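Results of the structural survey
Each chain, written out:
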Amino acid sequence: MRMPGKMLPKIVGFVFKKPATVLYPKERLTPPKDLRGKMKFHKDRCISCGACARDCPSGACTMQPKSDGKKRPEFDLDFCTFCAQCAESCPKDAIEMTAEFELAHYRRGEAVVKE
Amino acid sequence: MNWLLSIIYLVVFPGILFVLGFAFFAEWLDRKVYARVQRRVGPPFLQPLADFIKLSSKEDVVPEKADNAIFTAAPIISLAAILAAFLYVPVVTATALHVFEGDLIVALYLLTIPTLALFLGGWFSGNLFGQSGAMRVASLLFSYEVPFFLALLAPALMAGTWSMSGIVVYLYGNPLAFVVTIGAFFIAVISLQGKLERLPFDIPDAETEIVGGPMSEYSGRRLALFRLARDAEMVVGAGLIAAVFLGGPWCPFISLDPGYIAWAVGAAFFILKTLIVLGLLILMKSAVARIRVDQMVNVAYKYLIPLALAQMLVVVLVKYMGWF
Amino acid sequence: MARVRIPIGPQHPALKEPENFTITLDGERVVGADIRIGYTHRGIEKLMESRSYIQNLYLVERICGICSYTHVYNYTHNVEEVLGLKAPPRAEYIRTLFLELERLHSHLLWVGVAGHEIGFDTLFMYTWQDRELVQDLLEMISGNRVNYAMNTVGGVRRDVSEEQRQKVLKAMDVVEKRCKFYQEMATNEKTLLSRAVGVGILKPSDAIRLCAVGPTARASGIDMDIRRDDPYAVYPELKFNVPTTDTCDVMGRVVVRVLELYEIIGMIRQLMQKLPAGDIKVKAPRRVPEGEAISHTEAPRGEDIHYLHADGTDKPERYKVRTPTMANMPSVAKMLEGVYLADVPITLAAIDPCMGCMDRVLVLKDGKEERNVLEWDRLRKYGIRWYAERGWKQ
């Protein structure tokens, strides 16, 4: 018979079980190792070709002049969509995605990946 | 020293402070159990109190279109009425603070006032959703009040008195009378769920349908009071059912000596029984969907009221046969 | 009783995205609904014309937050067609895997939202908890949870390893078990049934006339599914059924989607077992020659149509998207007729609306939104004139 609250006996046991959610800052889940998080830039491999900035869909990656006279990319994580196209476009594998995902900052412009 | 005891009874235990504290606890329990059934963590113990304090300190907006006096009075009146109703519930011993023949009826009427206050508050808030919620409150009033009243008539008939304390005294003598009125007990719990506007009967303040119904325009202190009033209503309603059906402070070892231990045990048993009723209220809402206004009227008039009437017939028969 | 007009939206708890439904009420009954869309117009089509094909991959994904992969699949399909490329078989298998995983989490999300709209929050919490399982799989394979950035012109960007393949298969067992639980929960709970059965009726004749698509149409007994009727990706190699019901109400839409969950799980299992070895992508040029392509796929919400016109540069000249919600909107007005006010949210939710995807056009005149109703004849003449002025032939 179809009764209101028919599933109740099946779910009432959850009261005494461990909840499915975790209290984030105290307990953490480990992200998969292939997560596309904050990128890592290997300065020594960069040839200043600008392929990353050309293909960046959100304008997060821009070529900035550096002290040695060359232009190299900077990544503004405020704009980044973590699609990793820059890493794919790079001919020298100078950009690497890491699994770091805790990217909150207090001020705009602080979350920039530089050399 | 009798007046001092009375004041403690009124203000501290089992008066205002006790009801309010219990109300916060009931809200916490409600949210916690609901969360755990849904496999969430749920709020920490003092969360309801923190919510109350925070809401009280928030900006309190009265809409331009609202009628200021009624808008402000509604939450205060509903809280006052609930606290007044609790005076007639026997908590510590079989006698409540104020006893007279017919106090059950008075308590029931006092418990209807919050509903009316909610209706007025919603209607005079000047909000379309508030008014539509108020209409739902008014149209549902009879769907749960009638079965609630009828269900509470059964133990009154059983005990042959209109006084709550009288019923409790009767239950002290005949604890098994509960078995006879068990049907009415469940009807009363279901109608109380409707009275408190909780799932599956939270039709008047259905968040996804009419935003929050009568509460849509409430904010700050007034909202805090309204929420507190609803929690207190839950406690008082559950306490009333616990007293009338389960015998309130009655326990198997009633003849304890000295008196104050008997009082403490009595109060503990009252709280325990109230918690049982609260537990039923909480579990009821955890596995159901919200029903519609017309379906609610159907449930009330097709099932609850006929069952309550049948229960009264059973009580009359039992009394006539002289089994109790 | 006087008729009351109640605005549902643009800001309303029942709507997750802003659109306006002005409901005309007679008592508690709805007698008419006036739908006004355009609140979430983002100008994606125009923006696409100023971006390269590679950048557009990630823009087109953001048309929808739930069914993102369908859009990017359509986009790459169009570009590949104009380029004359063909993705390797392994890439097509991985693409199909993503299409189906996405449908799985979209349907689980919908069951939860539908529960929430009628106050059944427990169901909502449970389905969203298991949706996490699917999203974890997507995250594991692609590295992202919502906009997967998985597809590229000529193939896919990441491979599925043997370990991941096993994990997907294992997760499917869990999801299947949970789906059975939801089915039991949804079909036995009296209060849920009383809210869903007989509500929001869309007759088969109306569904055809108003061009309903996807589960909305299938719940009205219209047996249509692009995956079977005009197969794309590797669907011809998969065995699956297209569940339909003829109840035409909200319950039918629940049933169709819940039954589809099993089909999806079955399909994912087949995909993971048949997964061929080989490359995952072929190199694609940046410039796309002149040409046009159109593709349609079965998104979780129904038929999704994309059109591309390329002019030989590295940017598209015109891109057009028609999302399933757009096609289902006229049906909503019909469904809403005669329901109770209390049933409006669940009726709206039953088509699984995705307003953000839908809003393609917003006409502004002197800084204000222009409400201009175009009849079919006028629209046709307008179109002919528009093309004639630009010297384009019919």
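Since the model is a prediction, treat every value here as computed from it, not as a measurement.

**As for the overall build of chain B**
- Helix and strand content of chain B: 13 helices and zero strands.
- Starting at the N terminus, the α and β elements of chain B follow one another as α-α-α-α-α-α-α-α-α-α-α-α-α.
- What you see for chain B is a C-alpha radius of gyration of 20 Å, in line with the 20 Å of a compact globule of 324 residues.
- With the principal axes as the frame, chain B shows a C-alpha extent of 60 × 50 × 40 Å.
- A total of 324 residues make up chain B; the buried ones form 56% of that total.
- When contacts within chain B are restricted to residue pairs at least 6 apart in sequence, long-range pairs at least 24 apart make up 79% of them.
- Total accessible area on chain B stands at roughly 13100 Å², and carbon and sulfur atoms take up 73% of it.

**Examining the overall build of chain C**
- Helix and strand counts for chain C come out as 15 helices and 10 strands.
- Relative to the 2.2 N^0.38 estimate, which gives 21 Å for 394 residues, the radius of gyration of chain C is 21 Å and therefore close to what a compact globule would have.
- Counting only C-alpha atoms and orienting by the principal axes, one finds that chain C spans roughly 70 × 60 × 35 Å.
- Accessible area of chain C: about 15800 Å², with a carbon and sulfur share of 55%.
- Measuring between centres, the 55 positive side-chain charges of chain C sit 2 Å from its 55 negative side-chain charges.

**Examining a nonpolar patch on the surface**
Residue and element names in this part refer to chain B.
- On the surface, a cluster of nonpolar side chains totalling about 860 Å² of accessible area is made up of Trp3, Leu4, Ile7, Ile8, Leu10, Val11, Val12, Phe13, Leu17 and Leu97.
- Looking at the nonpolar patch, the element that brings in the most residues is helix α1 (residues 2-11), giving six residues.
- With respect to the helices and strands, the residue Val12 is situated in the loop between α1 and α2 (16-37).

**Some details on the interface of chain C and chain B**
- Facing the 28 residues of chain C at the interface are 26 residues of chain B.
- Carbon and sulfur atoms make up 56% of the area that chain C and chain B hide from each other, which totals about 2300 Å².
- Across the chain C-chain B interface, the total number found is one salt bridge.
- Salt-bridge contacts for Arg292(B) lead to Asp343(C); the nearest nitrogen and oxygen are separated by 2.5 Å.
- Applying the counting criterion to the chain C and chain B interface returns nine residue pairs in polar contact (both at pLDDT 80 or more).
- When contributions to the side of chain C that touches chain B are tallied by element, the ones reaching two or more residues are β1 (3-8), α4 (89-117), α5 (121-142) and α7 (190-196) of chain C.
- The leading source of residues in the side of chain C that touches chain B is α5(C), at five residues.
- Here the side of chain C that touches chain B is built from residues that sort into 14 nonpolar, seven polar and seven charged.

**Re the environment of Phe82(A)**
- Note on placement: Phe82(A) falls in the loop between β3 (71-76) and α3 (85-89).
- Overall, Phe82(A) belongs to the buried group, its relative accessible area being 16%.
- Considered as a pair, Phe82(A) and Gly37(A) are 45 residues apart in the sequence and their alpha carbons are 6.5 Å apart.
- When residues no more than four places from it in sequence are discounted, the contact partners of Phe82(A) are Arg36(A), Gly37(A), Lys38(A), Leu77(A), Met97(A), Leu103(A) and Asn144(C).

**Some details on the interface of chain A and chain C**
- Between chain A and chain C, the contact holds 24 residues from the first and 30 residues from the second.
- Linking chain A with chain C are three salt bridges.
- Measuring nitrogen to oxygen at the nearest pair gives 2.5 Å for the salt bridge that ties Glu88(A) to Arg157(C).
- Our enumeration of links across chain A and chain C arrives at 15 residue pairs in polar contact (both at pLDDT 80 or more).
- For the side of chain A that touches chain C, the secondary structure elements donating two or more residues are α1 (8-11), α2 (51-55) and α3 of chain A.
- Class assignment for the residues of the side of chain A that touches chain C results in 13 nonpolar, three polar and eight charged.

**Quick notes on the sheet that holds strand β8 (residues 316-322) of chain C**
Residue and element names in this part refer to chain C.
- Here three strands make up an open sheet; going across it, the order is β6-β7-β8 and the pairing antiparallel. Looking at which strands have only one partner, the edges of the open sheet turn out to be β6 (291-299) and β8. The sheet shows a mean angle of 10 degrees between the axes of neighbouring strands, taken without regard to direction.
- The sheet contact formed by β6 and strand β7 (residues 302-310) spans nine bridges and is antiparallel. What sits directly across from Ser295, in β7, is His306.

**Some words on the sheet that holds strand β3 (residues 29-36) of chain C**
Residues and elements named next belong to chain C.
- Read from one edge of the open sheet, three strands run β1-β2-β3, paired in antiparallel fashion. Each edge of the open sheet is held by one strand with a lone partner, namely β1 and β3. Within this sheet the neighbouring strands show an average axis-to-axis angle of 20 degrees, counted without direction.
- In this structure, β1 lies alongside strand β2 (residues 20-26), joined through six bridges in antiparallel fashion. Bridge pairing in β2 links Arg3 to Asp26.
- Along the sheet face, helix α12 (residues 324-336) touches β2 and β3 and points at about 160 degrees away from the line of β3.

**As for unusual backbone geometry**
All names here are of chain A.
- Backbone geometry places Phe82, a non-glycine residue, at a positive phi of 55 degrees.
- Within the chain, Asp93 stands out as a residue other than glycine whose phi angle is a positive 55 degrees.
- Relative to the helices and strands, Asp93 is located in the loop between α3 and β4 (95-97).

**Some details on the pairing of β3(C)**
Residues and elements named next belong to chain C.
- Pairing analysis gives seven bridges linking β2 to β3, with the strands arranged antiparallel. Bridge pairing in β3 links Thr22 to Asp34.
- If you look at the hairpin formed by β2 and β3, you'll find two residues sitting between the two strands, and Gly27 has a positive phi there, around 70 degrees.

**With respect to the confidence of the model for chain B**
- The predicted model of chain B averages 84 in pLDDT, with 97% of residues at 70 or higher.
- Confidence, read as mean pLDDT per element, is least for helix α10 (residues 207-210) of chain B in chain B (70) and greatest for helix α3 (residues 47-57) of chain B (92).

**Things to note about the environment of Tyr144(B)**
Residues and elements named next belong to chain B.
- By secondary structure assignment, the location of Tyr144 is in helix α6 (residues 128-159).
- Taking the C-alpha atoms as reference, Tyr144 lies 25 Å from Phe25; in sequence the two are 119 residues apart.
- With residues near it in sequence (within four places) discarded, Tyr144 still touches Thr115, Val137, Ser191, Gly194, Lys195, Glu197 and Met296.

About the thresholds
Residues numbered from 1 in each chain as written. Chains lettered and ligands numbered in written order. Predicted model: local features only at pLDDT ≥ 70, side-chain atom pairs only at ≥ 80, totals over all residues. Heavy atoms only, no water. Helix = DSSP H or I, 4+ residues; strand = E, 2+ residues; numbered from the N terminus. Rg over C-alpha atoms; globule rule 2.2 N^0.38 Å. Buried < 20%, exposed > 50% of the residue type's maximum accessible area, 1.4 Å probe, protein only. Contact = heavy atoms within 4.5 Å. Areas by Shrake-Rupley, 256 points an atom, 1.4 Å probe, with all protein chains shown as cover. Lys, Arg positive; Asp, Glu negative; His and termini not counted. Charge placed at Lys NZ, Arg CZ, Asp CG, Glu CD. Patch = residues over 30% accessible without salt bridge, like charges linked within 9 Å, V, L, I, M, F, W, Y side chains within 5 Å. Salt bridge = Lys/Arg side-chain N within 4 Å of Asp/Glu carboxyl O. Buried area = accessible area lost by both parts, 1.4 Å probe. Polar contact = N/O pair within 3.5 Å; in protein donor to acceptor, adjacent residues only side chain to side chain. Nonpolar A, V, L, I, M, F, W, Y, C, P; charged D, E, K, R; others polar. Pairing = 2+ DSSP bridges. Axes fitted to C-alpha atoms, helices over the stretch in contact; angles between N-to-C directions. pLDDT = per-residue confidence, 0-100.

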